[in-house]
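Working through the structure, step by step
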Amino acid sequence: MNPADTPTPAVDSRYLERFLWLSIATAILTVLIKGAAAVITNSVGLWSDALESTVNLVAAIVALWAIKLSSKPADHNHDFGHGKAEYMSAAVEGTLIFLAAGVIIYSAIGRLLAPVTPEQLGLGLILSTVASLLNLGTGLLLVRAGKKHRSITLEADGKHLLTDVWTSVGVLVAIGLVAIGTAIGADWSILDPIIAIGVGANILFTGYTLVRRSVIGLLDSALPEDEVDVVNNAVHAACKDARVEITQLRTRESGRQRFVYVTVTVPGEWTVRRSHDVADEIEDSVDKAFPGSTTFVHIEPAAEVPAKN
């Protein structure tokens, strides 16, 4: 991150909730569309695709809950707020992706052992394509908003939708090939479960990355390296007196919240007021670089230099 860049101001959680309501609406539509396509075609690939969209709906509801909870201010037993609720949401989404992938692979293996030729593939392709375009647009919007506003919940939900798009692309390819085979008198129906297995294995990776990121966040990870550099520059810029020394700088993130801990040494003869003014300048400087961040400054007296005889 370039320190000269204009910092993104903190946003109200109600603004972020709008994206999740959009995700919920999209999930409901895609479940209905893909469910209809699966019933019409009896394709294991499309049934798997519909299942993935059902998981999206549950995940979006969990994400909405996490955004609402994470926005709650600190209280008597949560002194640092509720920001980590977003990591819990990402963990739930990753776990749901694992479960969906397992069901997809299981169903596809069953269809391999007992092949069934899908029907009315043309209509199924059209319906699935419409649903995929809905997911693509919403997913890209959520990922972009999540990165801009540092919301792992929005980003995770967006990636979940984009994973569903890749699932649909694989299914569409399989259904398309089966349709071509039927048109030329060849039986390529085995491609339906094979592609479904491949798609299921692919989305396992997305589930893994979401769970891994949420675990790292729950373990109080430091801010990204580029953000630590910005914080470091902001802290040193506030210490204009050469006798003020930064002896320790630590950071951590909790969802969209940033926490900065600074230990500063000042001349021992300084008054409490003067030392407090330095702490205020450091806090203001960090907040200017990252609006909405929380900074704790600890002041210590510098060691006295022994007088020479």
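Analysis parameters
Residues numbered from 1 in each chain as written. Predicted model: local features only at pLDDT ≥ 70, side-chain atom pairs only at ≥ 80, totals over all residues. Heavy atoms only, no water. Helix = DSSP H or I, 4+ residues; strand = E, 2+ residues; numbered from the N terminus. Expected span 1.5 Å × (residues − 1). Buried < 20%, exposed > 50% of the residue type's maximum accessible area, 1.4 Å probe, protein only. Arc of directions from axis to C-beta. Salt bridge = Lys/Arg side-chain N within 4 Å of Asp/Glu carboxyl O. Phe/Tyr/Trp six-rings, centres within 6.5 Å; stacked < 30°, edge-to-face > 60°. Lys NZ or Arg CZ within 6 Å of the ring centre and 35° of its normal. pLDDT = per-residue confidence, 0-100. Contact = heavy atoms within 4.5 Å. Patch = residues over 30% accessible without salt bridge, like charges linked within 9 Å, V, L, I, M, F, W, Y side chains within 5 Å. Areas by Shrake-Rupley, 256 points an atom, 1.4 Å probe, with all protein chains shown as cover. Pairing = 2+ DSSP bridges. Lys, Arg positive; Asp, Glu negative; His and termini not counted. Charge placed at Lys NZ, Arg CZ, Asp CG, Glu CD. Right-handed = clockwise from strand over helix to strand, strands pointing away. Core = buried A, V, L, I, M, F, W, Y, C linked by side-chain atoms within 4.5 Å. Axes fitted to C-alpha atoms, helices over the stretch in contact; angles between N-to-C directions. Left-handed = near helix turned anticlockwise from the far one by under 90°. Nonpolar A, V, L, I, M, F, W, Y, C, P; charged D, E, K, R; others polar.

1. Some remarks on helix α7 (residues 225-238)
Helix length check: α7 (14 residues) gives 20 Å between terminal C-alpha atoms against 20 Å at 1.5 Å per residue, within 8%. Those residues of α7 that sit buried are E227, V230, V231, A234, V235 and A238. Seen along its axis, α7 keeps its buried residues to an arc of 130 degrees; they face one direction.

2. Section: the pattern of salt bridges
The final tally for this structure, using the stated rule, is 4 salt bridges. For K159, the salt bridge goes to E155, with nearest N and O atoms at 3.4 Å. With K159 and E155 both in helix α5 (residues 152-183), this residue pair falls 4 residues apart, about one helical turn. A salt bridge links R243 to D241, with the shortest nitrogen-to-oxygen separation between them at 3.0 Å. Given a relative accessible area of 24%, D241 falls into the partly exposed group. Several salt bridges share partner residues, and in doing so they unite D241, R243 and R274 into one network.

3. So, the packing of aromatic side chains
All chains considered together, the criterion is met by 1 aromatic pair. Plain terms: the ring middles of Y261 and F296 are 5.1 Å apart, the flat faces sit at 10 degrees to each other, and that makes the pair stacked. Of the two residues, Y261 sits in strand β2 (residues 257-266) while F296 sits in strand β3 (residues 294-301), which places them 35 residues apart along the sequence. The class of F296 is partly exposed, set by a relative accessible area of 34%. Lying across the ring of Y261, R250 places its NZ or CZ 5.5 Å from the centre.

4. With respect to the confidence of the model for the protein chain
Per-residue confidence for the protein chain gives a mean pLDDT of 78, with 83% of residues at or over 70. With pLDDT under 50 throughout, residues 1-9 is counted as low confidence; its partners more than four residues away or in other chains account for 13 contacts.

5. As for a nonpolar patch on the surface
The grouping of W166, V169, V173, L177, I180, I184 and W188 at the surface amounts to a nonpolar patch, some 670 Å² of accessible area in total. By the secondary structure assignment, V173 is in helix α5.

6. A look at the pairing of β3
Note that β2 and β3 share 8 bridges and pair parallel. Pairing of F259 across the sheet is with T294, part of β3.

7. Some points on the side chain of R258
The residue R258 is located in strand β2 in this model. In this structure, R258 is in contact with R150, L223, E227, R252, F290, S293 and T294, ignoring residues within four places of it in sequence.

8. A few points about a negative patch on the surface
Among the surface-exposed residues, D277, E281, D284 and D287 lie close enough to one another that they form a single negatively charged patch. Positionally, D277 belongs in helix α8 (residues 272-289). Using a relative accessible area of 34% as the deciding quantity, one classes D277 as partly exposed.

9. Some details on helix α4 (residues 121-148)
Spacing of three or four residues puts side chains on the same side of an α-helix, whose turn is 3.6 residues. Taking 1.5 Å of rise per residue, the 28 residues of α4 would be expected to cover 40 Å, and the 40 Å separating its terminal C-alpha atoms lies within 8% of that figure. Along α4, the residues that are buried comprise L121, G124, S128, A131, S132, N135, T138, G139, L142, V143, A145 and G146. Looking one or two residues beyond α4, the residue adopting positive phi is R150, at roughly 55 degrees.

10. Overview of the pairing of β2
Within β2, 9 of the 10 residues are buried, which leaves it mostly tucked inside the rest of the structure. Of the crossover connections in this fold, the one passing from β2 over α8 to the parallel β3 is right-handed.

11. Regarding the nonpolar core
Grouped together as the largest cluster of nonpolar side chains are 21 residues, with contacts concentrated most on V231, V235, V244, I246, V262, V264 and I282. Going through the elements one at a time, α7, β2 and α8 are the ones with two or more residues in this core. Counting 12 residues, the second-largest nonpolar core is a separate cluster that includes F19, I24, L64 and I67.

12. Digging into the packing of α7 against α8
Here α7 crosses α8 at 145 degrees, and the two axes come no closer than 8 Å. For the pair α7 and α8, the sense of crossing is right-handed. Contacts from V230, A234, V235 and A238 in α7 reach E281, I282, S285, V286 and A289 in α8. Partitioning the contact of α7 with α8 into residue classes produces 7 nonpolar, 1 polar and 1 charged.

13. Quick notes on the environment of E269
Along the chain, E269 turns up in the loop between β2 and α8. Through-space distance from the C-alpha of E269 to that of P301 is 8.1 Å; in sequence the pair is 32 residues apart.

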